[in-house]
Amino acid sequence: MDRYAFRTVTIANGGVVSGDGDILGHQVVGIATDAAWDAQNVTFNVDPGDGTFRLVAGLTLTAPAASQVTLLNTGAAAPYVVPIIVGSKIRVVSAVAQGGATVITLLLVKLP
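Residues numbered from 1 in each chain as written. Predicted model: local features only at pLDDT ≥ 70, side-chain atom pairs only at ≥ 80, totals over all residues. Heavy atoms only, no water.

Q: What's the story with the overall build of the protein in this structure? I'm lost.
A: Within the protein, the regular secondary structure consists of zero helices and eight strands. Buried positions account for 38% of the 112 residues belonging to the protein. Taking as baseline every contact in the protein between residues at least 6 positions apart, the subset at least 24 positions apart corresponds to 78%. When the accessible surface of the protein is summed, it comes to about 5900 Å², and 57% of that surface belongs to carbon and sulfur atoms. (Helix = DSSP H or I, 4+ residues; strand = E, 2+ residues; numbered from the N terminus. Buried < 20%, exposed > 50% of the residue type's maximum accessible area, 1.4 Å probe, protein only. Contact = heavy atoms within 4.5 Å. Areas by Shrake-Rupley, 256 points an atom, 1.4 Å probe, with all protein chains shown as cover.)

Q: Is there a simple way to explain the sheet that holds strand β5 (residues 54–55) in this structure?
A: Whenever strands of a sheet pair, they do so through backbone hydrogen bonds, lying parallel or antiparallel. Within the open sheet, the four strands sit side by side as β2-β7-β4-β5. Their pairing is antiparallel. Looking along the sheet, the strands with just one partner apiece sit at the ends: β2 (21–22) and β5. Pairing analysis gives six bridges linking strand β4 (residues 42–47) to strand β7 (residues 89–94), with the strands arranged antiparallel. Among the inter-strand pairings, Thr43 is bridged to a residue of β7, identified as Val93. (Pairing = 2+ DSSP bridges.)

Q: Is there a simple way to think about the nonpolar core in this case?
A: It is characteristic of soluble globular proteins that their nonpolar side chains tend to be buried jointly. Counting 20 residues, the largest nonpolar core has Phe44, Ile85, Ile90 and Leu106 as the members making the most contacts within it. If you list the elements that add at least two residues to this core, you get β1 (4–11), β3 (26–33), β4, β7 and β8 (102–110). If we skip the residues at most four places from it in the chain, Leu106 touches Ala5, Phe6, Arg7, Val9, Gly21, Ile23, Gly30, Ile31, Ile90 and Val92. (Core = buried A, V, L, I, M, F, W, Y, C linked by side-chain atoms within 4.5 Å.)

Q: Any chance you could explain the pattern of salt bridges here in plain terms?
A: One side chain can pair with another of opposite charge once the charged atoms of both are near each other. Overall, the coordinates contain two salt bridges when judged by the stated rule. One salt bridge in this structure joins Arg91 and Asp20, with 2.6 Å as the shortest N-O distance. Taken as a pair, Arg91 in strand β7 and Asp20 in the loop between β1 and β2 lie far apart in primary sequence, 71 residues in all. For Asp20, a relative accessible area of 39% translates into the label partly exposed. Among the ionic pairs, Arg54 bridges to Asp50, the shortest N-O distance being 2.8 Å. (Salt bridge = Lys/Arg side-chain N within 4 Å of Asp/Glu carboxyl O.)

Q: What should I look at first to understand the packing of aromatic side chains in this one?
A: Note on aromatic pairs: each is described by the distance of the centres and the angle between the planes. Across all of its chains, the model carries zero aromatic pairs by this definition. The lysine or arginine in question, Arg91, covers the ring of Phe53, its NZ or CZ lying 3.7 Å from the ring centre. (Phe/Tyr/Trp six-rings, centres within 6.5 Å; stacked < 30°, edge-to-face > 60°. Lys NZ or Arg CZ within 6 Å of the ring centre and 35° of its normal.)

Q: Would you mind showing me how to read the pairing of β8 here?
A: The two faces of the sheet receive side chains in turn, since in a regular strand these alternate between them. The pairing of β1 with β8 spans eight bridges and is antiparallel. Of the residues in β8, the one forming a bridge with Val9 is Ile104. Both β3 and β8 contribute to a ladder of seven bridges, which runs antiparallel. Following the sheet pairing, Gln27 is matched in β8 by Val109.

Q: Honestly, a nonpolar patch on the surface in this entry has me stumped. Any pointers?
A: A cluster of nonpolar side chains, namely Ile84, Val86 and Leu111, defines an oily patch on the protein surface of about 250 Å² accessible area. Position of Val86 relative to the elements: it lies in the loop between β6 (69–71) and β7. According to the relative accessible area criterion, Val86 is partly exposed, its value standing at 37%. (Patch = residues over 30% accessible without salt bridge, like charges linked within 9 Å, V, L, I, M, F, W, Y side chains within 5 Å.)

And the structure:
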């Protein structure tokens, strides 16, 4: 069984919120943006399993660049502390509307 997994979500042209990404049984540890990404701050909404998405408080990625992998961490010096983001589904939220459809790859680690 693979320890790592990848899921993709898409923010539509002119949109700010991605479609749902299935993260059940995994922890989100990073994102990878494609070339269409308009560098903006990113937040996350998670459904813990009851169908209601909630903001992950205290976690904002500051303007990840296009075609870049960004790991989730506290921003502190190494060793980095990866916040625990677990749930049933996740949505990636851009601070402003994307200028084109963009695919975001979620980097996941399987939970024990």
